[in-house]
Amino acid sequence: DAGVIQSPRHEVTEMGQEVTLRCKPISGHNSLFWYRQTMMRGLELLIYFNNNVPIDDSGMPEDRFSAKMPNASFSTLKIQPSEPRDSAVYFCASSFAGGNQPQHFGDGTRLSIL
Amino acid sequence: DQQVKQNSPSLSVQEGRISILNCDYTNSMFDYFLWYKKYPAEGPTFLISISSIKDKNEDGRFTVFLNKSAKHLSLHIVPSQPGDSAVYFCAATNTGGFKTIFGAGTRLFVKA
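Caption draft 1: Region of interest: the sheet that holds strand E7 (residues 62-67) of chain B. Residues and elements named next belong to chain B. Across the sheet, which stays open at both edges, the 5 strands sit in the order E1-E3-E8-E7-E6 with antiparallel pairing between neighbours. Only two strands of the sheet have a single partner each, and these edge strands are strand E1 (4-5) and strand E6 (56-59). Relative to strand E8 (residues 72-77), strand E3 (residues 19-25) is paired through 6 bridges, and the arrangement is antiparallel. Along E8, the bridge assignment pairs Leu21 with Leu75.

Caption draft 2: Examining the environment of A:Tyr90 more closely. All names here are of chain A. Within the fold, Tyr90 resides in strand E9 (residues 88-95). Taking the relative accessible area as the measure of exposure, Tyr90 reaches 0% and is therefore buried. With 54 residues separating them in the primary sequence, Tyr90 and Arg36 have C-alpha atoms 4.5 Å apart. Sequence-distant contacts of Tyr90, that is, excluding residues within four places in its chain, are made with Gln6, Leu21, Tyr35, Arg36, Leu46, Phe65, Leu77, Ile79, Gly108, Thr109 and Leu111. At 2.7 Å, the side chain of Tyr90 forms a polar contact with the backbone oxygen of Asp86.

Caption draft 3: Spatial organisation of the sheet that holds strand E8 (residues 74-79) of chain A. Residue and element names in this part refer to chain A. The sheet built from 4 strands is open, its strands ordered E1-E3-E8-E7 with antiparallel pairing. At either margin of the open sheet sits one strand with a lone partner, and together these are strand E1 (5-7) and strand E7 (65-71). Within the sheet, the average angular offset between the axes of one strand and its neighbour, ignoring direction, is 15 degrees. As judged from the 3 bridges shared by E1 and strand E3 (residues 19-24), these two strands associate in the antiparallel manner. When the bridges of E3 are listed, Gln6 appears paired with Cys23.

Caption draft 4: Here's a closer look at the packing of aromatic side chains. Scanning the entire structure with this criterion turns up 12 aromatic pairs over all chains. Taking the centre distance of 5.8 Å and the plane angle of 80 degrees together, the rings of A:Phe105 and B:Tyr36 count as edge-to-face. A residue pair is termed interchain when its members come from two chains, as with A:Phe105 in strand E10 (residues 104-105) and B:Tyr36 in strand E4 (residues 32-38). With respect to burial, A:Phe105 and B:Tyr36 carry one shared label: buried. Taking 4.6 Å as the distance between ring centres and 40 degrees as the angle between the ring planes, the aromatic pair formed by B:Tyr25 and B:Phe33 counts as tilted. You can call B:Tyr25 buried: its relative accessible area is 7%. Classification of B:Phe33 by relative accessible area gives buried; the value is 1%. Of the aromatic side chains, those joined through ring pairs into one cluster are A:Phe33, A:Tyr35, A:Tyr48, A:Phe91, A:Phe105, B:Tyr36, B:Phe46, B:Phe89 and B:Phe102.

Caption draft 5: Looking closely at the pattern of salt bridges. Scanning the model with the defined rule gives 9 salt bridges over all chains in all. Between A:Glu44 and A:Arg36 there is a salt bridge whose closest N-O contact spans 3.4 Å. On the basis of relative accessible area, A:Glu44 is assigned to the buried category, the value being 15%. A salt bridge links B:Asp84 to B:Arg61; the nearest nitrogen and oxygen atoms lie 2.8 Å apart.

Reading guide: rules and limits
Residues numbered from 1 in each chain as written. Chains lettered and ligands numbered in written order. Predicted model: local features only at pLDDT ≥ 70, side-chain atom pairs only at ≥ 80, totals over all residues. Heavy atoms only, no water. Pairing = 2+ DSSP bridges. Helix = DSSP H or I, 4+ residues; strand = E, 2+ residues; numbered from the N terminus. Buried < 20%, exposed > 50% of the residue type's maximum accessible area, 1.4 Å probe, protein only. Contact = heavy atoms within 4.5 Å. Polar contact = N/O pair within 3.5 Å; in protein donor to acceptor, adjacent residues only side chain to side chain. Axes fitted to C-alpha atoms, helices over the stretch in contact; angles between N-to-C directions. Phe/Tyr/Trp six-rings, centres within 6.5 Å; stacked < 30°, edge-to-face > 60°. Salt bridge = Lys/Arg side-chain N within 4 Å of Asp/Glu carboxyl O.

So this is what it looks like as structure tokens:
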């Protein structure tokens, strides 16, 4: 079975550019999560969706960050304009609904903003 | 405000011995706890979980203990193997909601 698929695996771009990260969740899962991992803060939840609807975006650091889930099989996380402090590994995860459902993570996108 | 804390950034253990990873939480509304394991260049994978109605859950070499009064949980790995070397994340959630809060992780080194 295919797991959560993220693209690209690595992204290097210059400050000020728009960055779009993509995620395909596991088929049948109805919850989707975007996380950011940094050395200082570990895994931070940015936003999560249930049935394609954003439920909580309180973790999104600034208005430069936006996320969409146009259908059950695709989500994007966009940063515009990007800044060097946005450099991190970004993970997407999906699960069945319910707080006790384990989340399945993609392998992440390593983002470097120069 | 860190609601889930893993105070040990790293832990080194000899192969065959017990590894104990600790986690503390502050929010009494959490009623479900999970441990995830993460290898380099991969996403975290679910390892084991425990509900707040239990104080112990065991799965092979992995056992999670929960002390609700102390708001503390621990993951025991016995016996430890070199393949267990990874970063371990503690996570807490509420079964009625969707939000899961992760700790910062503990890097475990198992020496052969």
